[in-house]
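The lines below spell out each chain.
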Amino acid sequence: MSQDNKEEPKEVPVNGNVPLTGEIPLDFRLTPCCEVPKAKRPRPVPEGAWEMSTEGILGPDSQHAYVQRWYSMVQQEKSGAVKFQVVRNDSKRESLILLLGLKNVFVRQLPNMPKPYVTRLVFDRKHESTILTKCTSSGEYVVMGGCCYRPFIEERFAEIAFLAISDSEQVRGYGTRLMSYTKERTKELGLTHILTCADNNAVPYFKKQGFSKTITLEKERWQGYIKDYDGVTLMECVLNPKVDYLNIPSMLKAQKMCLIEKLKEISNIHIVYPGLDPEARKRIRLEDIPGLKEGLEQSERSLGKTIPLESLAAPRDPASLQALHKELQHILTQVKQHQSAWPFLEPVDPEQTGALDYYDVIKNPIDLRTIQERLDRGDYYVTKEIFAADLKRMIENCEAYNGEKHFITELAHNLERFFNQKL
Ligand code: COA
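Because the structure is predicted, anything quoted here is derived from the model rather than measured. (Residues numbered from 1 in each chain as written. Predicted model: local features only at pLDDT ≥ 70, side-chain atom pairs only at ≥ 80, totals over all residues. Heavy atoms only, no water.)

Comments concerning the overall build of the protein chain
Moving on, step 1. Across its full length, the protein chain carries 15 helices and eight strands.
Moving on, step 2. Here the C-alpha radius of gyration of the protein chain, 30 Å, is well above what a compact globule of 423 residues would show, namely 22 Å.
Moving on, step 3. Within the span of the protein chain, comprising 423 residues, buried residues form 38% of the whole.
Moving on, step 4. At a minimum sequence separation of 6, the contacts of the protein chain that also span at least 24 residues come to 68%.
Moving on, step 5. Summed over all atoms, the accessible surface of the protein chain reaches about 25500 Å², with 52% contributed by carbon and sulfur.
Moving on, step 6. Treating the 58 positive side-chain charges of the protein chain as one cloud and the 59 negative ones as another, the clouds have centres 5 Å apart. (Helix = DSSP H or I, 4+ residues; strand = E, 2+ residues; numbered from the N terminus. Rg over C-alpha atoms; globule rule 2.2 N^0.38 Å. Buried < 20%, exposed > 50% of the residue type's maximum accessible area, 1.4 Å probe, protein only. Contact = heavy atoms within 4.5 Å. Areas by Shrake-Rupley, 256 points an atom, 1.4 Å probe, with all protein chains shown as cover. Lys, Arg positive; Asp, Glu negative; His and termini not counted. Charge placed at Lys NZ, Arg CZ, Asp CG, Glu CD.)

So this is what it looks like as structure tokens:
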């Protein structure tokens, strides 16, 4: 790209086109794993409005943590920084060195397992292992983890004996990737299930990898092969032959796109109306707000009753507006006098309250003084709903910042119960 042509669109990397190094680009978009059928009868786009693409509705994929991890894994594998391989005891020197390295990782990470037992199973010719190796600065590959399992080909399941990642490399996504490789390998062998007797500490990890405590595999297929003993939980993962476990994000992308296409048939998710002109100071008529009438017609159809457009409108005549403000002032005065209102009377002062990060966390702050100022302005609360929304937001902010169990949140809920009765 030439330097002076800054506007030229960047190439969007897709699966198989993940660069060897670098951060995930903000505009990174995955290619779905299959072609996504278009909506059969999408709601028509009225004149003056336009259609937002499915990709546009979903936004870039880079925002999701699971995509970021997947991206980093693929990058490391493509650049040769890490390698996953299936190894079994075939008496070859390279295989034996890798199995020895794996045995050492298991012995360190699973201290409760007797060393001879671990050694016996890792080198057992009926077992095989998915091994993760990492390239060191000297270019040598060192075993960082792996999963040792025994495939029962006739019974069409595998049993995981040991699985571990070196402690220096844990919680970086290698454990998940290792399991994905193991699933792909067992699928390749024609197996339908993976079973394991999970140590109680490892149950949450296995759950995140799609294992469940409910065993659906017929007992006749595994009984006698697996010993379910005390202190462990027998868990099962059902393999789906259609799923590419190494590219789950692409599958999720296709599923999300399908959902959006379906939604286009029953909602207006894809229809974008031009916005209102913020410069136009004059009052805007309801019927001139793009999309409002169409939305109302839809609600009428689903509710089976007519909703007059005027019922959405704020009172236009000064007398009814004045009556509304009188009523709101009456409610606000009582709310301010309530015994649980004291934390909400003034805007939060971070210094005084020690809530130094308050305005970093709460992006739309509101309090009873601000509500009073808005009411005094006369043109802000043109409906009761707008007033109620501010009060509600005050309670939600409190809960979001302090948490559900905090005593201030309890006061907030007392106050909420009170004003809900008044509104
Ligand atoms: N308890 C709760 N959650 C755990 C966990 C544990 N013991 N181990 C991992 N997780 C979670 C991670 O936090 C992560 O969650 P997230 O996706 O919501 O962020 C997820 O599981 C996967 O993490 P990942 O980084 O892919 O796994 P890892 O590289 O840390 O490897 C183990 C996971 C279990 C292999 C690793 O912790 C290990 O070697 N432990 C010691 C040996 C062991 O217990 N083996 C299992 C029995 S044989």
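Read on for the rest.
Observations concerning the UniProt feature "domain: Bromo" (unreviewed entry) in the protein chain
Moving on, step 1. Feature annotation in UniProt places "domain: Bromo" (unreviewed entry) on residues 336-409, given in this structure's numbering.
Moving on, step 2. Between the end C-alpha atoms of residues 336-409 the distance is 16 Å, and the span holds 57% helix and 0% strand. (UniProt positions renumbered as here; feature names shortened; annotations may be inferred.)

A few points about helix α9 (residues 292-303)
Moving on, step 1. With twelve residues, α9 should cover 16 Å at 1.5 Å per step; its first-to-last C-alpha distance of 16 Å lies within 8% of that length.
Moving on, step 2. In the segment just after α9, Gly304 is the residue with positive phi, at about 70 degrees. (Expected span 1.5 Å × (residues − 1).)

Considerations on the pattern of salt bridges
Moving on, step 1. Summed over the entire model, instances satisfying the criterion amount to 21 salt bridges.
Moving on, step 2. Here Glu327 and Lys384 are joined by a salt bridge, their closest N and O atoms 2.8 Å apart. One end of the pair, Glu327, is in helix α10 (residues 318-337); the other, Lys384, is in helix α14 (residues 384-402), with 57 residues separating them in the sequence.
Moving on, step 3. Given the relative accessible area of 25%, Lys384 is considered partly exposed. (Salt bridge = Lys/Arg side-chain N within 4 Å of Asp/Glu carboxyl O.)

Some details on the nonpolar core
Moving on, step 1. The biggest cluster of nonpolar side chains holds 24 residues, and the ones touching the most others in it are Phe344, Leu368, Ile371, Phe387 and Met394.
Moving on, step 2. Elements that contribute at least two residues to this core include exactly α10, α13 (368-377), α14 and α15 (407-422).
Moving on, step 3. At six residues, the largest contribution of residues to this core is made by α10.
Moving on, step 4. Residues Leu132, Cys147, Tyr174 and Ala198 belong to the second largest nonpolar core, which totals 23 residues. (Core = buried A, V, L, I, M, F, W, Y, C linked by side-chain atoms within 4.5 Å.)

Regarding the site of the ligand
Moving on, step 1. Surrounding the ligand, one finds 19 residues, the nearest of these being Arg69, Leu163, Val171, Gly173 and Thr176.
Moving on, step 2. Interatomic distance of 3.1 Å between a backbone N/O atom of Arg172 and an oxygen atom of the ligand.
Moving on, step 3. Residue Gly173 places a main-chain N or O atom 2.8 Å away from an oxygen atom belonging to the ligand.
Moving on, step 4. The fraction of the free accessible surface of the ligand (890 Å²) that becomes covered by protein chains is 75%.
Moving on, step 5. At the level of secondary structure, the elements contributing two or more residues to the shell around the ligand comprise β5 (157-165), α5 (174-188) and α6 (203-208). (Near = heavy atom within 4 Å. Polar contact = N/O pair within 3.5 Å; in protein donor to acceptor, adjacent residues only side chain to side chain.)

A closer look at the state of the cysteines
Working definition of a disulfide: a covalent bond connecting the sulfur atoms of two cysteines.
Moving on, step 1. Under the defined criterion, the tally for this structure stands at zero disulfides.
Moving on, step 2. Take Cys33: it sits in no disulfide, and the sulfur closest to it among the cysteines is that of Cys34, at 4.0 Å.
Moving on, step 3. Residue class for Cys33 comes out partly exposed when judged on its relative accessible area of 48%.
Moving on, step 4. Just so you know, Cys147 is unpaired, no disulfide at all, and the nearest cysteine sulfur is the one on Cys148, 7.4 Å from it.
Moving on, step 5. Given the relative accessible area of 0%, Cys147 is considered buried. (Disulfide = S-S within 2.5 Å.)

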